Amino acid sequence: MSQLVLVASLQDETGALERLLGLLRRRVLPLESLSLYQAENNILEVVLRFGDLDTPEDRVAAEVSSLYDVLSVRRPDQASCDATRELAVVKTHGNLEPVLPETVSDVLQRHSSDSMELSGTPHAIDRALAYLQEQGLITGVSRSGEMFPPGPHEIDT
Amino acid sequence: MATITGADLACRALSREGAQVLFGHPGGAILPFYDALYNYSALRHVLCRHEQGAAHAADGYARATGRTGVCVATSGPGATNLVTGLAAAFMDGVPVVAVTGQVARPGIGTFAFQETDILGVTIPVTKHGFLVQEVSDIPEVLSEAFRLAVSGRPGPVLVDIPKDVQAALVDEKTSSLSRTRRPVPMEPLQSTQEIEAAIQQVAKLLSEAERPVLLVGRGVISSGTAGKLSYLAERNDLPVITSLLGLDAFPASDPRALGMPGMHGTERANYSLQDADLVLGLGVRFDDRVIGRPDGFAPNARIVHFDIDATAIERTMRADIAVVADLAVSLKMLLPLVSKADRTAWWERIREWNREADPTQEPPRAGYRRMGPLGAREAIRSVARKISESNAIAVSDVGQHQMWLAQELGDVAPRSHLTSGGLGAMGYALPAGLGAAIGQPDRPVWVVAGDGGFQMSLQELATVVQEGIPLRIVVIDNGYLGMVRQWQERFYGKRYSGTQISGPDLVALGKAYGIPSWRIDRSEQLDSTLSLATIEDGPVLIWMQVRQEENVYPMVPSGATLDEMVTEPERVSG
């Protein structure tokens, strides 16, 4: 399965995100997940992960690049992917730290009495959340979506 | 400190960007702009009777001149009425800047009177939209809008200015953009080295090809490369097929011209494409109406796609080689690599196929004239001859007459055939012709419309008269929405649902506007009426009542390949 991931630097202007999402919808591009975060003043980094693509990857990148608000598009390289991080804030039934196994504690960053922060690779977060879910320990989760370290990882279109 | 209003800043910026004509319609939220405009005599305002007309007029102006067209509207309905015109410009890659008034900033999002999120509404049909939030941003935003409209594949850009921003006072010298970084978007994604490498490959393919063809679109017009195209065709003895929007890129009478391809294309164009071993697409987007069924298009050919728009590559058609660059650059690189070629065998094959869309219709013998009920193609053939003879600009609407004119059009200069090709917007021709005539005041402009499309925008007759524009308007009236009726006839068992259309007495209508008008319905009236009409200095209207159920052929049925085209009505089936 194609797992195209593009990171677009987007100028945070009126309608910018709407234009980006509207374009993906109009081109019927299968967006599987999207996360965004502030990279610097007035610049958003938007991570676009696509599902099965009928459209050539270069053309997807060209479509995204064609938007005026998009300052650059990059396809993360392997080093970047390895350094991908995600944050999850988990609401739990009380303080569970003492009972958590390695699979969870390796991504545990901080906790209060009834919530904890997990950060790590998206895969590690998935794994930890799956465990907590199985144990019936979670009452709610907020995930940031994946974040890539800043470029340069210029796209090869 | 000298102060200036945002509206004044906008007028100054428009002047600085080279705007000379604004096609618009005022209203509440754009009042400060119109008040400022009162002092700018260099900005000619043309009051269109509907904002859609203003947008089409700006489009026609741009297509005919190569300059960016400008339209202006107020907020709410004024702005939404622009949408069809902007969409037509977007589909065909025409540079237009639309300036709209917006309700004052505190009113945005409150369902204020005449409030519409026009920025949101127009996202899919513009290259970009700006909502100006700070008065000092106006000059740079407008400058950026003009730059964007012509960069890469041209297109429309919307600038929405709230009323209080137009009215706000600012230091005359202040002009800063609050945005933190100016992007450099829409540049071709190939490097010079990549383009050069691709061009080398193209030259090699050309030298090896036995049955090459050039497929030419509006990109040749936009890039001003019609001369280079002619040189390339002559140098390498290449057949030239011109899309609907590329018809004026290459002379129809040139022996290498094969005519228009696609749904209503010529045998010679369609069969050549299907038989070719190399198709060089120049500034053409391989539209579905051109290629027919994609998997059956040019099955034996390598396909090379030259386009300034990287997103056009492989959108509808595979490309063995893509050259993403301005044609002015890529053709300049290609031409020195192209050698002379002998394509005698290929031309012998090509000449087996009909060049004329209607080869059965013989021209009348000298000294004779046709008699009897007027035929639509026959009428349009005569109009097309007048257009070519007088170096005129032809503006067609959408439907059967559009296809007949495309098939019958003779030699015309670049930027002389205007039509809404991609969107297919009925009502386009009259306002676009108005814009073209204002942009090219020294050239005759013929508007050819059907009775359906004409009734969608005939309010612009008043604009034509008020501005004293000598448009030659031909209405082909068959009492039907003809192209839809043709499809109903062929594919829906002649169930003419919703396609019979009546209309006013167009001679009386023309006279009501003070326009000399004629009605003809017989062949023998055709030439004399056209001659009479061309003598007039001002606008004229010729109402041609034609036989009702004439169809456009050849035709490639929907979903068929180009070589499944039919020229005989009996052979068409669902």
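In the block above lies the structure referred to throughout.
Counting starts from 1 at the beginning of each chain's written sequence and moves along it residue by residue. Throughout, the order in which chains and ligands are written sets their labels, letters from A for the former and numbers from 1 for the latter. Confidence filtering applies because this is a predicted model: local features only for residues at pLDDT of at least 70, side-chain atom pairs given and counted only at 80 or more, and all residues used for totals across whole chains, interfaces and linings. The side-chain quantities take in all heavy atoms of the structure and omit both hydrogens and water.

Asker: What's the story with the overall build of chain A in this structure? I'm lost.
Answerer: Put simply, DSSP H or I for four residues or longer makes a helix, DSSP E for two residues or longer makes a strand, and each gets a number counted from the N terminus. A count of helical and extended segments in chain A gives five helices and eight strands. For chain A, the C-alpha atoms occupy an extent of roughly 50 × 35 × 30 Å along the three principal directions. Looking at the 157 residues of chain A, the share that counts as buried comes to 45%. In what follows, a contact means two residues having at least one pair of non-hydrogen atoms within 4.5 Å. For chain A, contacts bridging at least 24 residues in sequence account for 70% of all contacts bridging at least 6. Neither His nor the chain ends is counted toward charge; the positive residues are Lys and Arg and the negative residues Asp and Glu. We put the charge of a Lys on NZ, of an Arg on CZ, of an Asp on CG and of a Glu on CD. Put simply, chain A has 13 plus and 25 minus side-chain charges, and the middle of one group is 4 Å from the middle of the other. Residue exposure (1.4 Å probe, protein chains only): buried if accessible area is under 20% of the type maximum, exposed if over 50%, otherwise partly exposed.

Asker: Help me understand the overall build of chain B, please; the structure alone is not making it clear to me.
Answerer: Regarding its fold elements, chain B presents 23 helices and 20 strands. Compactness check: chain B gives a C-alpha radius of gyration of 24 Å against a globular reference of 25 Å for 574 residues, within 12% of the reference. Over its C-alpha atoms, taken along the principal directions, chain B stretches across nearly 75 × 65 × 45 Å. Within chain B, buried positions represent 60% of all 574 residues. Working note: accessible area of chain B is about 21,500 Å², and carbon and sulfur atoms make up 50% of it. Averaging the positions of the 53 positive and the 65 negative side-chain charges in chain B gives two centres separated by 2 Å. Radius of gyration means the value over C-alpha atoms here, while the globule rule gives 2.2 Å times the residue count to the 0.38 power. In this description, accessible areas are obtained by the Shrake-Rupley approach with a 1.4 Å probe, and a residue is regarded as covered only by the protein chains that are shown.

Asker: What's the story with the nonpolar core in this structure? I'm lost.
Answerer: The nonpolar side chains of soluble globular proteins are, as a tendency, buried together. Residue and element names in this part refer to chain B. Ranked by size, the top nonpolar core spans 53 residues in total, and within it F23, V395, F454, L461, L471 and I473 carry the most contacts. Leaving out residues up to four positions away in the same chain, L461 has contacts with L430, F454, I473, L509, Y513, I515 and L541. Judged by nonpolar contacts, the second largest core, of 36 residues, contains A19, V70, L148 and V165. Joining through side-chain atoms within 4.5 Å is the link that ties buried Ala, Val, Leu, Ile, Met, Phe, Trp, Tyr and Cys residues into a set, and such a set is a nonpolar core.

Asker: I'm lost on the sheet that holds strand 8 (residues 138–143) of chain A in this one. Help?
Answerer: Within a beta sheet, neighbouring strands are joined by backbone hydrogen bonds and run either parallel or antiparallel to one another. All names here are of chain A. A sheet is described by the order of its strands in space; here four strands give the open sequence 6-7-5-8, paired in antiparallel fashion. Whereas interior strands pair on both sides, the edge strands pair on one side only; in this sheet they are strand 6 (108–111) and strand 8. Between one strand axis and the next, the sheet turns through 20° on average, direction left out of account. Direction of pairing for strand 5 (residues 86–92) relative to strand 8: antiparallel, over a ladder of five bridges. Bridge assignment links V89 to a residue of strand 8, and that residue is S142. Of the strands in this sheet, strand 5, strand 7 (115–120) and strand 8 are in contact with helix 5 (residues 122–134), which crosses strand 8 at around 165°. Any two strands with at least two DSSP-identified bridges between them are counted as paired. An axis is simply a line fitted to the C-alpha atoms; with a helix, the fit covers only the stretch in contact. Between two such axes, the angle follows the N-to-C directions and lies from 0 to 180 degrees.

Asker: Would you take a moment to explain the environment of D451(B) for this structure?
Answerer: All names here are of chain B. Position of D451 among the secondary structure elements: in helix 19 (residues 451–457). A residue is classified by how much of its surface remains accessible, and D451, at 6% relative accessible area, is buried. As a C-alpha pair, D451 and D397 span 54 residues in sequence and 10.0 Å in three-dimensional space. Apart from residues lying up to four places away in sequence, D451 is in contact with V475, I476, D477, N478, G479, Y480 and I501. Within polar-contact distance, the side chain of D451 engages the backbone nitrogen of G479 at 3.1 Å. Counted as a polar contact is a pair of N or O atoms within 3.5 Å, where, for protein atoms, one must be capable of donating a hydrogen and the other of accepting one, and residues adjacent in sequence contribute only when both atoms are in side chains.

Asker: Please explain the environment of A87(B) as it appears in this structure.
Answerer: Residues and elements named next belong to chain B. With respect to the helices, strands and loops of the structure, A87 is situated in helix 5 (residues 83–92). Along the sequence, A87 and G155 sit 68 residues apart, while their C-alpha atoms lie 9.2 Å from each other. Excluding anything up to four places from it in sequence, A87 contacts V125 and L423.

Asker: I tried to follow the interface of chain B and chain A on my own but got confused; where do I start?
Answerer: By a frequent convention, interface size equals the accessible area lost on bringing the separate parts together. Each side of the interface is counted separately: chain B has 25 residues, and chain A has 22 residues. Defined here as a combined quantity, buried area equals the accessible surface (1.4 Å probe) lost by two parts on assembly, summed across both. At the boundary of chain B with chain A, total buried surface from both sides reaches about 2,100 Å², with 57% on carbon and sulfur atoms. Here a salt bridge means any side-chain nitrogen of Lys or Arg lying within 4 Å of a carboxyl oxygen belonging to Asp or Glu. Summed over the shared surface of chain B and chain A, the result is zero salt bridges. Where chain B touches chain A, the interface holds four residue pairs in polar contact (both at pLDDT 80 or more).

Asker: Sorry, what's going on with the sheet that holds strand 15 (residues 393–396) of chain B here?
Answerer: Residues and elements named next belong to chain B. Across the sheet, which stays open at both edges, the six strands sit in the order 16-15-17-18-20-19 with parallel pairing between neighbours. Unpaired on one side and paired on the other, strand 16 (417–418) and strand 19 (517–520) mark the two borders of the sheet. For strand 15 and strand 17 (residues 445–450), the ladder comprises four bridges, and the chain directions are parallel. Bridge pairing in strand 17 links I393 to V445. Strands in contact with helix 23 (residues 526–535) are strand 17, strand 18 (472–477), strand 19 and strand 20 (540–545); relative to strand 20, the strand with the most contacts, it is inclined by about 165°.

Asker: Honestly, the packing of aromatic side chains in this entry has me stumped. Any pointers?
Answerer: Each aromatic ring pair is described using two quantities: the centre-to-centre distance and the angle formed by the ring planes. All names here are of chain B. Aromatic rings from Phe, Tyr and Trp, with only the six-membered ring used for Trp, were paired whenever their centres fell within 6.5 Å, and each pair was classed as stacked if the ring planes differed by under 30 degrees, edge-to-face if by over 60, and tilted otherwise. All chains considered together, the criterion is met by seven aromatic pairs over all chains. For the pair F33 and Y34, a centre-to-centre distance of 5.9 Å together with 80° between the ring planes defines the contact as edge-to-face. Like F33, the residue Y34 is buried in the burial classification. Considering the side-chain rings of W487 and F491, the 5.1 Å spacing of their centres and the 75° angle between planes classify their relative orientation as edge-to-face. Highlighted residues: W487 and F491, both in helix 21 (residues 482–491), separated by four residues, approximately one helical turn.

Asker: What's the story with the pattern of salt bridges in this structure? I'm lost.
Answerer: A side chain of one charge can pair with a side chain of the opposite charge when the charged atoms of the two come close. All names here are of chain B. Tallied over the entire structure, the rule returns 35 salt bridges over all chains. Here E489 and R490 are joined by a salt bridge, their closest N and O atoms 2.9 Å apart. Taking the relative accessible area as the measure of exposure, E489 reaches 11% and is therefore buried. Note on R490: relative accessible area 21%, which makes it partly exposed. Among the charged side chains, a network of salt bridges with common partners joins R485, E489, R490 and E549.

Asker: Looking at this structure, I do not really get unusual backbone geometry. What am I missing?
Answerer: Here Y553(B) and P554(B) are connected by a cis peptide whose omega angle stands at 0°. Residue position: P554(B) is located in the segment after strand 20. In this structure, V28(A) takes a positive phi of about 55° despite not being glycine. Secondary-structure assignment places V28(A) in the loop between helix 1 (16–26) and strand 2 (31–40).

Asker: So what exactly am I meant to see when it comes to the packing of helix 16 (residues 376–389) of chain B against helix 17 (residues 400–408) of chain B here?
Answerer: Each pair of packed helices can be summarised by the angle the axes make with each other and by the distance between the axes. Residue and element names in this part refer to chain B. Where helix 16 contacts helix 17, the two axes come as close as 9 Å, and the packing angle between them is 50°. One way to sum up the angle between helix 16 and helix 17 is to call them oblique. Classified by chirality, the crossing of helix 17 by helix 16 is right-handed. From helix 16, A376, R377, I380, R381, A384 and I387 reach across to helix 17, where they touch H401, W404, L405, Q407 and E408. Gly is placed with the polar residues, together with every amino acid not listed as nonpolar (Ala, Val, Leu, Ile, Met, Phe, Trp, Tyr, Cys and Pro) or charged (Asp, Glu, Lys and Arg). Looking at the contact of helix 16 with helix 17, its residues break down into six nonpolar, two polar and three charged. Comment on the angle field: the value is read as roughly parallel under 35 degrees, roughly antiparallel over 145, roughly perpendicular from 65 to 115, and oblique elsewhere. Crossing chirality is assigned from the near helix's rotation relative to the far helix, an anticlockwise turn below a right angle marking it left-handed and a clockwise turn marking it right-handed.

Asker: Could you clarify how one ought to interpret a nonpolar patch on the surface in this entry?
Answerer: Residue and element names in this part refer to chain A. Taken together, the side chains of L21, L31, L34 and L36 make up a nonpolar region of the molecular surface, amounting to roughly 270 Å² of accessible area. Residue contributions to the nonpolar patch peak at three residues, all from strand 2. The residue L31 is located in strand 2 in this model. Residue classification places L31 among the partly exposed positions, given a relative accessible area of 31%. Residues enter patches when they are more than 30% accessible in relative terms and free of salt bridges; like-charged ones are connected within 9 Å and nonpolar ones (Val, Leu, Ile, Met, Phe, Trp, Tyr) within 5 Å.

Asker: Can you help me understand the side chain of T242(B) in this one?
Answerer: Residues and elements named next belong to chain B. Structurally, the position occupied by T242 is in strand 10 (residues 240–242). T242 sits in the buried class, given a relative accessible area of 6%. Not counting the four nearest positions on each side in its chain, T242 is found in contact with V216, L247, F250, G259, M260 and P261.

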